[in-house]
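Single-letter residue listing:
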Amino acid sequence: MDRIAIQGGATLHGEIPVSGAKNSAIKLMAASILTNQPLRLTNMPRLADTRFLGQLLRQFGIEVTETDGPDGQETLFDGRDIRSTFAPYELVRQMRASFNVLGPLLGRTGHAKVSLPGGCTIGARPVDLHLMALSAMGASIELEEGYVSAHAPKGLRGAEIEFPFVSVGATEHALLAAVLARGTTVLKRAAREPEIGDLARCLIAMGARIEGLDTDQLVIEGVTSLNGADWSVIPDRIEMGSYAVAAAMAGGEVRLTKGRADLIQALTDKMVEAGVEVTPTDDGVIVKRDPKQRLKAVDVTTEIYPGFATDLQAQFMALMTTAEGESVINETIFENRFMHAPELARLGADISVHAGEARVQGVETLTGAPVMATDLRASVCLVIAGLVAEGQTVVDRVYHLDRGFERLEEKLGACGAQVTRLKGEGDEH
Ligand code: EPZ
């Protein structure tokens with residue numbers, strides 16, 4: 001198993017290009033099930049999660065070809081024949097979002113059997129809203145031996161669906177199912193995360209009829225078939241936000257390019273409040289901070305978009321560990337998303353957690369130590385803390401990080417960070 005070693009103390013200077021968004025790419029990949037024509041996705045990140053989903057799509061008979069084209073990394077999906085509609089536990093378990101192939105498989109073929117994803121370290125993460133939406137669209141659903149068997153032999157039909165609370169995954173899933181349903185579907189209390197907007201725009205490019213983009217009500221007029229398309233994945237706001245926090249933590253001046261400042265506004269507002277200089281540019285932001293000056297503690301509460309992203313909470317907590325004063329961090333999206341707090345404490349952070357609230361009392365210095373990544377975003381928060389911890393920090397279980405960060409050592413290293421991957425024995429890469 002690989003580990004990442006960080007030698008603390010270097011300031012960061014340079015440029016970091018933001019990759020395409022993981023959480024958009026995997027939704028766009030699921031859209032390839034909906035058409036028998038080629039879908040070409042550009043600005044594709046190469047991550048463990050996109051590999052998992054690629055494997056699953058291949059199992060359905062979709063050809064998945066990764067190339068380096070004139071526009072950078074791209075992947076071509078050719079789903080002319082769907083040979084199987086079975087998604088086994090071994091593949092779905094590796095990445096929860098794989099469950100969202102159920103709706104498009106139903107839309108395209110009228111039946112599918114997909115493993116239930118199970119919980120994960122950040123929370124129970126049920127899929128009841130997903131199933132509620134598909135049932136409302138006329139699918140008959142049976143749960144047996146950990147699998148969902150769904151049938152809609154005459155096709156799905158449009159429905160009015162009001163989600164009891166906002167779910168990114170359920171909105172995306174219902175949207176992917178509704179585009180080929182007969183009649184009109186209305187999704188109320190829909191998620192407005194930018195990745196949903198990206199998916200909706202790509203589906204429109206494929207011939208879908210969707211109104212209400214970027215609002216909490218999507219209206220979808222079903223069509224009988226969709227075309228292929230060429231689509232460029234939006235920038236990864238969580239990767240961008242993570243590097244913005246890394247630059248703020250280490251100090252120095254970093255320009256984030258190939259991104260979009262508006263996508264991380266809630267984060268940068270808080271960073272500015274804490275004393276970081278953030279300047280928006282045409283394709284990103286410049287983050288500047290004098291490492292000799294301590295930041296001020298500020299409070300954050302995670303919210304649905306455009307609020308402060310839960311996927312940036314761990315990184316922000318790392319930043320607050322050395323700020324002056326106490327920062328109160330409230331997590332409202334997932335019930336168990338403070339697993340990084342005890343690991344940060346191993347580096348000397350002073351954090352107390354009670355239910356959904358963490359209190360971070362800023363300390364003057366952190367000290368390097370071996371720590372363990374517990375989930376994807378928690379792993380990058382430990383790397384961020386390691387940038388200022390005196391001595392060496394070694395982050396174990398880096399496979400979490402590899403699910404969502406492309407070439408992290410290279411990107412941070414190019415700005416002067418001392419970050420090295422230690423290859424695990426017996427690992428293939
Ligand atoms: C997406 O997860 C993201 N994943 C998550 O990013 C992100 O943290 C989350 O949205 C919130 O922004 C992807 O896009 C692949 P939800 P998702 O459905 O869709 C509960 C990362 O690190 N819920 O909005 O699973 C659920 O348990 C990942 O990249 C139900 O109760 O999130 C949670 O408490 C981690 N029933 C809340 O809703 C359901 O049927 C919000 O979850 C569905 C969700």
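Residues numbered from 1 in each chain as written. Predicted model: local features only at pLDDT ≥ 70, side-chain atom pairs only at ≥ 80, totals over all residues. Heavy atoms only, no water.

## As for the domain arrangement of the protein chain
What the domain assignment reports for the protein chain is domain 1 (3-19 + 235-422) and domain 2 (22-232). If you look at the interface, domain 1 gives 24 residues, while domain 2 gives 22 residues. Together, the buried faces of domain 1 and domain 2 total about 1,800 Å²; carbon and sulfur atoms form 49% of this surface. Three residues, Tyr-305, Arg-403 and Glu-406, lead the burial of domain 1 against domain 2; their summed loss comes to 31% of the area buried on that side. Our count for the contact surface shared by domain 1 and domain 2 stands at two salt bridges. Residue Arg-403 is joined to Asp-49 by a salt bridge in which the shortest nitrogen-to-oxygen separation is 2.8 Å. Along the contact surface separating domain 1 from domain 2 lie seven residue pairs in polar contact (both at pLDDT 80 or more). Each residue belonging to the side of domain 1 that touches domain 2 can be placed in one class, and the counts come to eight nonpolar, four polar and twelve charged. (Domains from an automatic or database assignment. Contact = heavy atoms within 4.5 Å. Buried area = accessible area lost by both parts, 1.4 Å probe. Salt bridge = Lys/Arg side-chain N within 4 Å of Asp/Glu carboxyl O. Polar contact = N/O pair within 3.5 Å; in protein donor to acceptor, adjacent residues only side chain to side chain. Nonpolar A, V, L, I, M, F, W, Y, C, P; charged D, E, K, R; others polar.)

## Notes on the site of the ligand
Residues in close proximity to the ligand total 23 residues, the closest being Lys-27, Asp-128, Ser-167, Gly-169 and Asp-311. A distance of 2.6 Å separates an oxygen atom of the ligand from a polar side-chain atom of Ser-167. The contact in question runs from an oxygen atom of the ligand to an N or O atom on the side chain of Arg-377, over 2.7 Å. Contact with the protein chains hides 86% of the accessible area of the ligand, taken as 830 Å² for the molecule alone. Residue assignment for the shell around the ligand shows that the elements contributing at least two residues are helix 1 (22-31), helix 5 (128-136), helix 6 (168-178) and helix 12 (376-386). Per-element accounting of the shell around the ligand gives the leading share, four residues, to helix 1. Class assignment of the residues belonging to the shell around the ligand gives a composition of eleven nonpolar, five polar and seven charged. Residue-level mapping places the shell around the ligand at the junction of two domains, with at least three residues from each of domain 1 (3-19 + 235-422) and domain 2 (22-232). (Near = heavy atom within 4 Å. Areas by Shrake-Rupley, 256 points an atom, 1.4 Å probe, with all protein chains shown as cover. Helix = DSSP H or I, 4+ residues; strand = E, 2+ residues; numbered from the N terminus.)

## Focus: the sheet that holds strand 2 (residues 12-17)
Here we have four strands laid out as an open sheet, ordered 2-15-17-16, and mixed in their pairing. A single partner strand is all that each edge strand has here, and the edge strands are strand 2 and strand 16 (277-281). In this sheet, neighbouring strand axes are inclined to one another by 10° on average, regardless of whether the strands run parallel or antiparallel. Taken strand by strand, helix 8 (residues 237-250) contacts strand 2, strand 15 (252-257) and strand 17 (284-289), and its axis lies near 20° from that of strand 17. (Pairing = 2+ DSSP bridges. Axes fitted to C-alpha atoms, helices over the stretch in contact; angles between N-to-C directions.)

## Describing the side chain of Ser-24
Mapped onto the fold, Ser-24 is located in helix 1. In this structure Ser-24 comes out as buried when scored by relative accessible area, which is 0%. When neighbours within four sequence positions are excluded, Ser-24 is seen to be in contact with Glu-195, Asp-198, Val-233 and Ile-234. (Buried < 20%, exposed > 50% of the residue type's maximum accessible area, 1.4 Å probe, protein only.)

## Concerning the side chain of Asp-49
Among the structural elements, Asp-49 can be located in helix 2 (residues 48-59). Classification of Asp-49 as buried rests on a relative accessible area of 0%. At 3.4 Å, the side chain of Asp-49 forms a polar contact with the side chain of Lys-22. In terms of polar contacts, Asp-49 uses its side chain to reach the side chain of Arg-403, at 2.8 Å. Contacts of Asp-49, omitting those with residues within four sequence positions, involve Lys-22, Ile-26, Met-95 and Arg-403.

## A look at the packing of helix 5 against helix 6
Two elements in contact, helix 5 and helix 6, have axes separated by 8 Å at closest approach and are oriented at 25°. Put simply, helix 5 runs roughly parallel to helix 6. Crossing of helix 5 over helix 6 shows right-handed handedness. Here helix 5 contributes Leu-129, His-130, Ala-133 and Leu-134 to the contact with helix 6, which in turn contributes Gly-169, Ala-170, His-173, Ala-174 and Ala-177. (Parallel < 35°, antiparallel > 145°, perpendicular 65-115°, else oblique. Left-handed = near helix turned anticlockwise from the far one by under 90°.)

## Side note on the pattern of salt bridges
The final tally for this structure, using the stated rule, is 22 salt bridges. In this structure, the salt-bridge partner of Asp-2 is Arg-421, at a minimum N-O distance of 2.9 Å. Placement of Asp-2 in the segment before strand 1 (3-7) and of Arg-421 in strand 24 (residues 418-422) is noted, with a sequence separation of 419 residues between them. Accessibility assignment for this pair places Asp-2 and Arg-421 in one class, buried. When the shortest N-O distance is used, the salt bridge between Glu-364 and Arg-294 registers 4.0 Å. One end of the pair, Glu-364, is in the loop between strand 21 (357-361) and strand 22 (370-372); the other, Arg-294, is in the loop between strand 17 and strand 18 (300-301), and 70 residues separate them in sequence. Through salt bridges that share partners, Asp-2, Asp-402, Glu-409 and Arg-421 make up one connected network.

## Re the packing of helix 4 (residues 102-109) against helix 6
To characterise two packed helices, one gives the angle between the axes of the helices and the distance between these axes. It is the contact of helix 4 with helix 6, at a shortest axis distance of 8 Å, that shows an interaxial angle of 10°. One way to sum up the angle between helix 4 and helix 6 is to call them roughly parallel. Contact with helix 4, carried on its side by Leu-102, Gly-103 and Pro-104, involves His-173, Leu-176 and Ala-177 of helix 6 and no other residues of that element. Looking at the contact of helix 4 with helix 6 residue by residue, the classes come out as four nonpolar, two polar and no charged.

## Things to note about the sheet that holds strand 10 (residues 160-162)
Spatially, 10-11-13-12 is the arrangement adopted by the four strands of the open sheet, whose pairing is mixed. What marks the edges here is a single partner per strand, and that holds for strand 10 and strand 12 (209-211). For this sheet, the mean inter-axis angle between neighbouring strands, taken without regard to orientation, is 15°. For strand 10 and strand 11 (residues 184-188), the ladder comprises three bridges, and the chain directions are parallel. Bridge pairing in strand 11 links Ile-161 to Leu-187.

## Digging into the layout of surface pockets
A volume near 350 Å³ is recorded for the second largest pocket. Taken together, 18 residues make up the lining of the second largest pocket; nearest its centre are Met-249, Arg-289, Pro-291, Glu-364 and Val-388. Tallied by class, the residues present in the lining of the second largest pocket amount to eight nonpolar, five polar and five charged. (1 Å grid on protein atoms, 1.4 Å probe; cavity = no way out; pocket = protein on both sides within 12 Å on 5 of 7 lines; lining within 4 Å. Points joined across faces, edges and corners; volume = space filled by probe spheres on them.)

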